[in-house]
Amino acid sequence: MALTAKLEIVNNVAKIALTGRLDASTANQFRELIEQAAAQKVKAAALLLGDLEYMASAGLRILVFARQKMGVAVKIYVVAPQDLVRETIEISGFSQAVILLPAYDATVIEG
Amino acid sequence: MDTRIDVYPTHEIAGLKARAGRPLPFGATLVPGGVNFSIFSRHATACALVLFRKGEPTPFAELPFPPEFRIGDVFCVTVFDLEVEEIEYGYRMDGPFDPARGHRFDPTKILSDPYARLLSGRNQWGVEPDWAAPYPHRARIAFDDFDWQGDRPVGTPLADLVIYELHVRSFTQHPSAGVRNPGTYAGLAEKIPYLKELGVNCVELMPVFEFDEFENSRIAPGTGERLLNYWGYSTVGFFAPKAGLAATGQFGMQMDEFKTLVRQLHEAGIEVMLDVVFNHTAEGNEHGPYVSFRGIDNQTYYILTPEGYYYNFSGCGNTLNCNNPVVRAFVLDCLRYWAAEYHIDGFRFDLASILGRDAFGAPLANPPLLESLAYDPILSKCKLVAEAWDAGGLYQVGSFPAYGRWAEWNGKFRDDVRQFLKGDSGMAGAISTRMQGSPDLYGWNGRGPTASINFITCHDGFTLYDSFAYNGKHNEANGEHNNDGGNDNHSWNCGWEGESTDPEVNALRRRQIKNAAAMLLLAHGVPLLLAGDELGRTQYGNNNNYCHDTDLSWIDWSARAANADLFRFFSRMIAFRRAHPVLRPLHHLTGRISPTSGLPEISFHGTASWYADFSPGSRVFAYLLDGTQARDGQAPDNTLYIAFNMHWDALGFALPAPPSGSRWHVFANTGATAPDDVFDPGSEPILSAQDHILVGARSVVILVAR
């Protein structure tokens, strides 16, 4: 299954919803949305991963790219990742670059 | 904006844009717009870079190196516009096949890059490989974007280290481990609270460089068990962490997972030492596979007989030519990489005496590799530990070329303490030196007690429980008719071979385990424990457990409840060692008398105070450590009295007087049953009679003056 990636910016928060499989062949779509969001100088980014089934190393590395591109002041939330994705983020150490949330919480994210 | 182009393609080869590369660093390196590939071969006549899409059996491109892409003996190319996450690469080398001259080039083989930092092909542990795959260990391009969050090596002084040797998979693979990711780096990270509770401050990981668990795998006759290269003392990729030990290996994330483990261990104050195997490779002898070196430059990388066969000082088919300058640089590059990129705190070198042999196999007085490692600026804070022998008969315990840096696994400590524990007579003199950090071995050249890594058990040989449950090895499950494994175990079964229902036998075994733990953790030098010994782990008498991916190897955590007193004894002994610097001297003690206490630094005793019995029939030894002189008087400590009675009868010991104003307190007495066998350091009960004590049969007593 390919990747569907959508970006919308609400209240200066970039919401990026990913559906399908994120691997080396689809990672560029995700990367482009990160670049678009960074260009908008958003205050936070929420990666909505509830429908993402699989994330390979190429996808995880874009979390690092997002952190570098947006700067340390911008909080990056990974929202509702499936167990396999969440666990991969945690045990590979990428959870240091992001904040994991079980569901979208506007109070926390949009402040 | 600066639009200058520094590097641009000058060639098109096999449909890919390329230019002459940079010879250093070796391996595959990300550069602006592309990847720089560089590999050494002195004797190859031609080389091609072979590129695959991930997992595909046939390459999508093969780029022969034009002559102008070869600088000296290095082939190097920069290839542009590669999908770096998507590709795997290897090399095809051509040259003479002339074994008598040491050359075994075979252009039909695709060879792994010895500098590959990431390897695929064995991504998940135990998944049977495609035996016909033309390129099984596939190099990939690695990223260096890990966020260390400010981590740095822990820097615990060697004298303060308590090393815990473990196999990553064995530690958490058993269902009783209760971790989310059994048998992996992540699983080990989940057990950090346990390590903290035990009190160890360094884990020594059995091989984690990429290896092939299916190397020489076979089905055991009788049991049908598939026997593996389970331990992994046979390296496939020296720069690559083993993917099959990572929960994320299937995603190619093993580098990140391993770094996360190191970072978490460091946060807990626990150092990471790697067991590294540079003495041989997984290519075996002339009948072995082509993985890398054999096809790249056999004559350079291996020690060969005049006829071109492989010398076998490793017992594993071949011997790496470690003191060839090219190979020496390779080893140095590798260790520097692990120290710098993975924040590794130390290395234990398997069969390290091989690292001191020359290109003809002869031992060198001043081996360049060992000297280079000792003085290397990047490795300067790393612990360097030698297994100071090899399978070719070179035994260098006490004489390993140390350069003021190297410590050694002290095999004599293991052998002497085991013999003393099982009640051999005439061992008291040897035990005196072993408990002092083996000045007979490490005093003559001023190396000091920290040159001695003291151990009673390690992955090779019996577990501690089995040392007191088996007289002989029981290796039938290895499928070699019990001919493998050592016969010099110095073990004693306490009266019954194997598992016993006799409460007296089991009580004695339990006491012997505590005696051993006490001796190990009291001895000057650096203690090394084998994981699971604190839980009474058994291998049912197997003393060469290299091939079993079963509960014969895995730690059964349910033993924690059944053997709670063993764990408690180990953890308190570790805490006691940490609390008392008098047990961790930086120099061998001399017997110097303190003007303050009037006591020698160390004095020797027996059943009579101030009279040690070193006679051939003796099975007792006691000693007194003057706390005022701890660490040359810089770390004042309690005075300690320690008595070992390995006689089968209880014996009365007359005690030397405690220092003025203090009284003897009992920290440990292995002759007592739990909970009276050991106490929390600092809250020991007072000894009722201050001038004598009855030390039980085969027991250890530790007294603290305060």
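Residues numbered from 1 in each chain as written. Chains lettered and ligands numbered in written order. Predicted model: local features only at pLDDT ≥ 70, side-chain atom pairs only at ≥ 80, totals over all residues. Heavy atoms only, no water.

**Concerning the overall build of chain B**
If you tally the helices and strands in chain B, you get 14 helices and 32 strands. The globule rule puts the C-alpha radius of gyration for 706 residues at 27 Å, and the 27 Å found for chain B is close to it. C-alpha atoms of chain B, sized along the principal axes, occupy 90 × 60 × 55 Å. Look at the contacts in chain B between residues 6 or more apart in sequence, and 72% of them connect residues 24 or more apart. Here chain B displays about 25000 Å² of accessible surface, and carbon together with sulfur accounts for 53% of that area. Seen as two clouds, the 58 positive and the 82 negative side-chain charges of chain B have centres 3 Å apart. (Helix = DSSP H or I, 4+ residues; strand = E, 2+ residues; numbered from the N terminus. Rg over C-alpha atoms; globule rule 2.2 N^0.38 Å. Contact = heavy atoms within 4.5 Å. Areas by Shrake-Rupley, 256 points an atom, 1.4 Å probe, with all protein chains shown as cover. Lys, Arg positive; Asp, Glu negative; His and termini not counted. Charge placed at Lys NZ, Arg CZ, Asp CG, Glu CD.)

**A few points about the overall build of chain A**
Along the backbone of chain A there are four helices and five strands. The order of helices and strands in chain A, counted from the N terminus, is β-β-α-β-α-β-α-β-α. Taking 111 residues into account, the globule formula puts the C-alpha radius of gyration at 13 Å, and chain A, at 12 Å, falls close to it. In terms of overall dimensions, chain A has C-alpha extents of about 30 × 25 × 20 Å along its principal axes. In chain A, which comprises 111 residues, the share counted as buried stands at 51%. In chain A, of all internal contacts separated by at least 6 residues, the share reaching a separation of at least 24 is 69%. The distance from the centre of the 11 positive side-chain charges to the centre of the 11 negative ones in chain A is 8 Å. (Buried < 20%, exposed > 50% of the residue type's maximum accessible area, 1.4 Å probe, protein only.)

**Re the interface of chain A and chain B**
Contacts between the two partners involve 19 residues from chain A, matched on the other side by 20 residues from chain B. Summed over both partners, the interface of chain A with chain B buries about 1700 Å², with 53% contributed by carbon and sulfur atoms. Of all residues in chain A, the largest losses of buried area upon contact with chain B belong to Arg61(A), Ile91(A) and Gln96(A), amounting jointly to 36% of the total for that side. The interface formed by chain A and chain B holds four salt bridges in total. The closest approach of N and O atoms between Arg180(B) and Glu87(A), which form a salt bridge, is 3.7 Å. Breaking the side of chain A that touches chain B down by element, the ones donating at least two residues are strand 3 (44-55), helix 2 (57-70) and helix 3 (83-91) of chain A. With six residues, the single largest contributor to the side of chain A that touches chain B is helix 3 of chain A. (Buried area = accessible area lost by both parts, 1.4 Å probe. Salt bridge = Lys/Arg side-chain N within 4 Å of Asp/Glu carboxyl O.)

**Some details on the sheet that holds strand 5 (residues 46-53) of chain B**
Residues and elements named next belong to chain B. As summarised here, the arrangement of the five strands in space is 6-5-9-13-12, forming an open sheet in which the pairing is antiparallel. Each of the sheet's edge strands pairs with one partner strand only, and the pair in question is strand 6 (61-64) and strand 12 (118-120). Across the sheet, the mean angle from the axis of one strand to that of its neighbour is 35 degrees, orientation sign disregarded. Across eight bridges, strand 5 lies against strand 9 (residues 87-94) in antiparallel orientation. Its bridge partner being in strand 9, Leu51 is matched across the sheet by Tyr89. (Pairing = 2+ DSSP bridges. Axes fitted to C-alpha atoms, helices over the stretch in contact; angles between N-to-C directions.)

**A word on the domain arrangement of chain B**
Accessible area lost during the coming together of the parts is what is often quoted as the interface size. Residue and element names in this part refer to chain B. As assigned here, chain B comprises domain 1 (11-140) and domain 2 (158-581). Centre-to-centre separation of domain 1 and domain 2, based on C-alpha positions: 33 Å. Counting residues at the interface gives 37 residues for domain 1 and 48 residues for domain 2. Summing both partners gives a buried area of about 3600 Å² for domain 1 against domain 2, and 57% of it is carried by carbon and sulfur. If you sort the residues of domain 1 by the area they bury against domain 2, Arg104, Arg117 and Trp125 come out on top, with a joint share of 25%. Our count for the domain 1 to domain 2 interface comes out at two salt bridges. (Domains from an automatic or database assignment.)

**Describing helix 7 (residues 368-375) of chain B**
Residues and elements named next belong to chain B. When helix 7 is considered as a whole, its buried residues turn out to be Leu369, Leu370, Leu373 and Ala374. Viewed end-on, helix 7 has its buried residues packed into an arc of 135 degrees, placing them on one side of the element. Structurally, helix 7 contributes buried residues whose contacts are with helix 6 (325-341), strand 21 (346-349), strand 22 (383-386) and strand 23 (406-410). (Arc of directions from axis to C-beta.)

**A few points about the confidence of the model for chain B**
Predicted confidence across chain B gives a mean pLDDT of 96, with 99% of residues reaching 70 or more. Across the assembled chains, the prediction reports ipTM 0.86 with pTM 0.96. (pLDDT = per-residue confidence, 0-100.)

**Some points on the packing of helix 8 (residues 411-421) of chain B against helix 12 (residues 503-522) of chain B**
Residue and element names in this part refer to chain B. In contact at an axis separation of 11 Å, helix 8 and helix 12 are set at 140 degrees when each is read in the N-to-C sense. One element, helix 8, and the other, helix 12, form an angle in the oblique class. Along this stretch, helix 8 crosses helix 12, giving a crossing that reads as right-handed. Contacts between helix 8 and helix 12 pair Phe413, Val417, Phe420 and Leu421 from the former with Gln512, Asn515, Ala516, Met519 and Leu520 from the latter. (Parallel < 35°, antiparallel > 145°, perpendicular 65-115°, else oblique. Left-handed = near helix turned anticlockwise from the far one by under 90°.)

**Section: the pattern of salt bridges**
If you walk through the whole model with that rule in mind, you get 42 salt bridges over all chains. Arg180(B) is paired through a salt bridge with Glu90(A); the nearest N and O atoms lie 3.5 Å apart. Of the two residues, Arg180(B) sits in the loop between helix 1 (168-172) and helix 2 (185-190) while Glu90(A) sits in helix 3, which places them in two different chains. For Arg180(B), a relative accessible area of 46% corresponds to the partly exposed category.

**Overview of the pairing of strand 24 (residues 452-455) of chain B**
All names here are of chain B. The alternating pattern of strand 24 places Ser452 and Asn454 on one face and Ile453 and Phe455 on the opposite face, and all of these are buried. Pairing geometry for strand 24 and strand 25 (residues 526-530), over three bridges, is parallel. Looking across to strand 25, one finds that Asn454 is bridged to Pro527.

**Some thoughts on empty space enclosed by the protein**
Applying the stated criterion to the full structure yields six cavities of 30 Å³ or more. Within this model, the largest cavity holds a volume of roughly 160 Å³. Taken together, 17 residues make up the lining of the largest cavity; nearest its centre are His167(B), Ser170(B), Met206(B), Arg537(B) and Ser553(B). At the level of secondary structure, the elements contributing two or more residues to the lining of the largest cavity comprise strand 14 (163-166) and helix 1 of chain B. Looking at the lining of the largest cavity residue by residue, the classes come out as nine nonpolar, six polar and two charged. Considered as a void within the structure, the second largest cavity measures approximately 80 Å³ in volume. Contributing to the lining of the second largest cavity are Ser57(A), Arg61(A), Glu85(B), Leu118(B), Arg140(B), Ile141(B), Phe143(B), Gly252(B), Met255(B) and Asp256(B). (1 Å grid on protein atoms, 1.4 Å probe; cavity = no way out; pocket = protein on both sides within 12 Å on 5 of 7 lines; lining within 4 Å. Points joined across faces, edges and corners; volume = space filled by probe spheres on them. Nonpolar A, V, L, I, M, F, W, Y, C, P; charged D, E, K, R; others polar.)

**Points about the packing of aromatic side chains**
Aromatic ring pairs are reported here in terms of the distance separating the ring centres and the angle at which the planes meet. Residue and element names in this part refer to chain B. Counting across every chain of the model gives 56 aromatic pairs over all chains. On the numbers, 6.2 Å between centres and 85 degrees between planes, the contact of Phe40 with Tyr301 is edge-to-face. With Phe40 in strand 4 (residues 34-40) and Tyr301 in helix 5 (residues 293-301), this pair connects stretches of sequence that are 261 residues apart. A cation sits over an aromatic face here: Arg53 above Phe60, 4.3 Å from the ring centre. (Phe/Tyr/Trp six-rings, centres within 6.5 Å; stacked < 30°, edge-to-face > 60°. Lys NZ or Arg CZ within 6 Å of the ring centre and 35° of its normal.)

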